[in-house]
Amino acid sequence: MRSVLIIGMSEFGKHLAYRLLELKASVCVIDMNKDLINVLSEDFENAFIADCTKDAVLRDIGVSSFDVCVVSVGKDFQTALEITSKLREYKAKYIVSRASSELQSKFLKMAGADETVYPQKDIANKIAVKCSASNLLDVFEISDEYSVFEIAVQKEWVGKALRDSHIRKKYELNVIAVKNMQTILVPDADYVFRDDDTLFVFGKSKKAKKIK
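Residues numbered from 1 in each chain as written. Predicted model: local features only at pLDDT ≥ 70, side-chain atom pairs only at ≥ 80, totals over all residues. Heavy atoms only, no water.

(A) Expanded view of the pattern of salt bridges. The tally for this structure, following the rule as stated, stands at eight salt bridges. Measuring nitrogen to oxygen at the nearest pair gives 3.0 Å for the salt bridge that ties E11 to K14. Taken together, the positions of E11 and K14, both in helix α1 (residues 11–22) and three residues apart, correspond to about one turn of that helix. With a closest N to O distance of 3.9 Å, K170 and E156 form a salt bridge. Taken together, the residues K170 in helix α8 (residues 167–171) and E156 in the loop between β8 (146–152) and α7 (162–165) connect sequence positions 14 residues apart. K170 sits in the exposed class, given a relative accessible area of 53%. On the basis of relative accessibility, which here comes to 45%, the residue E156 falls in the partly exposed class. (Salt bridge = Lys/Arg side-chain N within 4 Å of Asp/Glu carboxyl O. Helix = DSSP H or I, 4+ residues; strand = E, 2+ residues; numbered from the N terminus. Buried < 20%, exposed > 50% of the residue type's maximum accessible area, 1.4 Å probe, protein only.)

This is the structure we're talking about:
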């Protein structure tokens with residue numbers, strides 16, 4: 001079970017915490033807002049009221065024991081920068097810090113973040129990809145170049161085996177799963193596509209957009 005420390009219960013922090021809880025991760029949440037933590041403590045066993053700009057707090061928490069430390073302190077960039085730097089000082093294994101601009105992202109990485117997230121940009125990019133290609137149902141970006149896409153099965157593939165659809169050869173995409181009737185399976189080369197299939201494929205973003 002992965003352990004995650006989330007510092008700052010901004011909207012991003014809260015959504016992340018609850019999603020991680022659904023994924024069965026061990027989650028510890030921290031914020032200075034007493035009322036907020038009192039509410040969250042109903043769902044999170046480890047919920048603390050604390051100021052993580054204080055060295056004593058980070059020492060007591062034992063940040064190096066967590067697999068991932070996430071800094072999500074809302075609009076206070078100076079605080080995010082300070083906490084990120086202190087997490088690196090106290091040997092956090094992997095630090096993810098929330099940014100609100102490309103410039104903030106650069107400074108957070110300089111301060112010690114292994115990775116930064118820029119939610120507004122990430123969401124905008126995801127919507128842009130979906131809007132630009134009608135065949136895409138959903139997309140999860142792995143990097144700037146590669147993504148996992150959810151697509152509806154194409155009419156030309158229905159009734160054909162995976163090996164005969166030539167998806168890999170034509171689009172350089174790998175089918176990693178098929179969903180139908182609420183069942184998700186990993187198909188072999190003999191799998192025959194049905195008209196109600198939804199496919200999950202991995203590959204370059206620009207290749208998936210070519211599927212009409």
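Moving on from the coordinates now.
(B) Layout of the pairing of strand β5 (residues 95–98). Covered by surrounding structure in β5 are I95 and S97 together with V96 and R98, the residues of both alternating faces. Following the backbone out of β5, through helix α5 (residues 102–111) and into the adjacent parallel strand β6 (residues 115–117), one traces a crossover that is right-handed. (Right-handed = clockwise from strand over helix to strand, strands pointing away.)

(C) Geometry of the sheet that holds β5. Strands sit in the order β3-β2-β1-β4-β5-β6 across an open sheet of six strands; the sheet is parallel. With partners counted over all chains shown, the strands left at the sheet margins are β3 (46–49) and β6, one partner each. Strand-to-strand twist in this sheet, taken as the mean axis angle between neighbours without regard to direction, amounts to 15°. As defined by bridge partners, strand β4 (residues 68–71) adjoins β5 across three bridges and the pair is classed as parallel. Following the sheet pairing, V70 is matched in β5 by V96. (Pairing = 2+ DSSP bridges. Axes fitted to C-alpha atoms, helices over the stretch in contact; angles between N-to-C directions.)

(D) Quick peek at α5. All of the buried residues along α5 are Q104, S105, L108 and A111. Viewed along the axis of α5, the buried residues span an arc of 125°, placing them on a single side of the element. Along α5, exposed side chains directed more than 90 degrees from the buried face belong to L103, K106 and M110. On its buried face, α5 is in contact with α4 (77–89), β5 and β6. Just downstream of α5 lies G112, where phi reads positive at about 130°. (Arc of directions from axis to C-beta. Contact = heavy atoms within 4.5 Å.)

(E) Region of the structure containing the environment of N38. Counting through the fold element by element, N38 comes out in helix α2 (residues 34–40). Spatially, the C-alpha atom of N38 lies 8.7 Å from that of I49, the residues being 11 residues apart in sequence.

(F) Up close: the environment of R59. You can see R59 is positioned in helix α3 (residues 55–61). Taking the C-alpha atoms as reference points, R59 and L87, 28 residues apart in sequence, are found 9.7 Å from one another. For R59, the side chain forms a polar contact with the side chain of Y90, separated by 3.1 Å. (Polar contact = N/O pair within 3.5 Å; in protein donor to acceptor, adjacent residues only side chain to side chain.)

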